[in-house]
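# Descriptive structure summary
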Amino acid sequence: MVRKKVEGDEDQRRAAAREARAAGEAPSARQVTTGASKQRTHEPEKAAHEERIAARHRGKQGEPHEPAPPPPERAAPLPSYGDGRGYTSAHEETLRALTEAQAEHGGDGVYLQDIARRSGREPEETRVLVHDLVAKFRVASELQGVEDPDLGQRYEVKPRGQ
């Protein structure tokens, strides 16, 4: 039969067992016996992930287990145009420019620069307006899989009924 692997050598385990007995406890209660590092303590079914992982590292030598760092924060979302409450005439002009530019390109998606040029607005202002049309009002779509990353994302008007 194969013996379980545990942390520390024979002398360290024996010393830990002696200390446990001297303190009036069983060595297995302190998890210092040969199989103690593999024995799991009882965990409730709905224990948090961190608690279940910590039980695996209990009794091990070395650095304590460190949880993974949280994922990096996403970039701040674009602000809404105007007072942020409703659909404005600027949104309407931008949607019209998007529709016309898309028709000019044979129904294919168009780049932000084309929409800005056709609407007569600055590209940054157009970016915020198009973001509102995509995310807030859902009348346009941002296309995935850009052919030319230097030009940025492409946009198209959503077909009616979607």
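Described in the following lines is the structure provided in the data block.

Analysis parameters
- Residues numbered from 1 in each chain as written.
- Predicted model: local features only at pLDDT ≥ 70, side-chain atom pairs only at ≥ 80, totals over all residues.
- Heavy atoms only, no water.
- Helix = DSSP H or I, 4+ residues; strand = E, 2+ residues; numbered from the N terminus.
- Buried < 20%, exposed > 50% of the residue type's maximum accessible area, 1.4 Å probe, protein only.
- Contact = heavy atoms within 4.5 Å.
- Axes fitted to C-alpha atoms, helices over the stretch in contact; angles between N-to-C directions.
- Parallel < 35°, antiparallel > 145°, perpendicular 65-115°, else oblique.
- Nonpolar A, V, L, I, M, F, W, Y, C, P; charged D, E, K, R; others polar.
- Phe/Tyr/Trp six-rings, centres within 6.5 Å; stacked < 30°, edge-to-face > 60°.
- Pairing = 2+ DSSP bridges.
- Salt bridge = Lys/Arg side-chain N within 4 Å of Asp/Glu carboxyl O.

With that settled, consider the overall build of the chain. Within the chain one finds 5 helices and 3 strands. In sequence order, the secondary structure elements of the chain are arranged as α-α-α-β-α-α-β-β. Each of the 162 residues in the chain was classed as buried or not, and the buried ones make up 24%. In the chain, 49% of the contacts between residues at least 6 apart in sequence involve partners at least 24 apart.

Time to look at the packing of helix H3 (residues 89–104) against helix H5 (residues 123–136). Closest axis-to-axis distance for the H3/H5 pair is 10 Å, and the angle between their directions is 90°. One way to sum up the angle between H3 and H5 is to call them roughly perpendicular. Two secondary-structure elements touch here, H3 through Ala90, His91, Thr94 and Leu95 and H5 through Thr126, Leu129, Val130, Asp132 and Leu133. For the contact of H3 with H5, the residue count by class is 5 nonpolar, 3 polar and 1 charged.

A few words on the packing of aromatic side chains. A complete count under the given rule lists 1 aromatic pair for this structure. Relative to Phe137, the ring of Tyr87 has its centre 5.2 Å away and its plane inclined at 90°; by these criteria the two rings are edge-to-face. Within this pair, whereas Tyr87 is found in the loop between helix H2 (49–57) and H3, its partner Phe137 is found in the loop between H5 and strand S2 (140–143), the two being separated by 50 residues in sequence.

Of the pairings in the sheet, the one linking strand S1 (residues 110–111) to strand S3 (residues 154–157) comprises 2 bridges and is antiparallel in character. What sits directly across from Tyr111, in S3, is Arg154. In this structure, S2 lies alongside S3, joined through 4 bridges in antiparallel fashion. Bridged to Glu142 within S3 is Tyr155.

Side chains that carry opposite charge are capable of pairing whenever their charged atoms lie near each other. Following the criterion strictly, the structure yields 8 salt bridges and no others. A salt bridge links Glu92 to Arg96, with the nearest nitrogen and oxygen atoms 3.7 Å apart. On the criterion of helical spacing, the pair formed by Glu92 and Arg96 is a turn pair, its members being 4 residues apart in helix H3. Between Asp114 and Arg117 there is a salt bridge whose closest N-O contact spans 2.8 Å. You can see Asp114 and its partner Arg117 sitting in helix H4 (residues 112–119), 3 residues apart, about one turn around the helix.

Checked against the element boundaries, Thr126 lands in helix H5. Thr126 sits in the buried class, given a relative accessible area of 0%. Ignoring any residue separated from it by four or fewer positions in sequence, one finds Thr126 in contact with Thr94, Leu112, Ile115, Ala116, Ser119 and Arg121.

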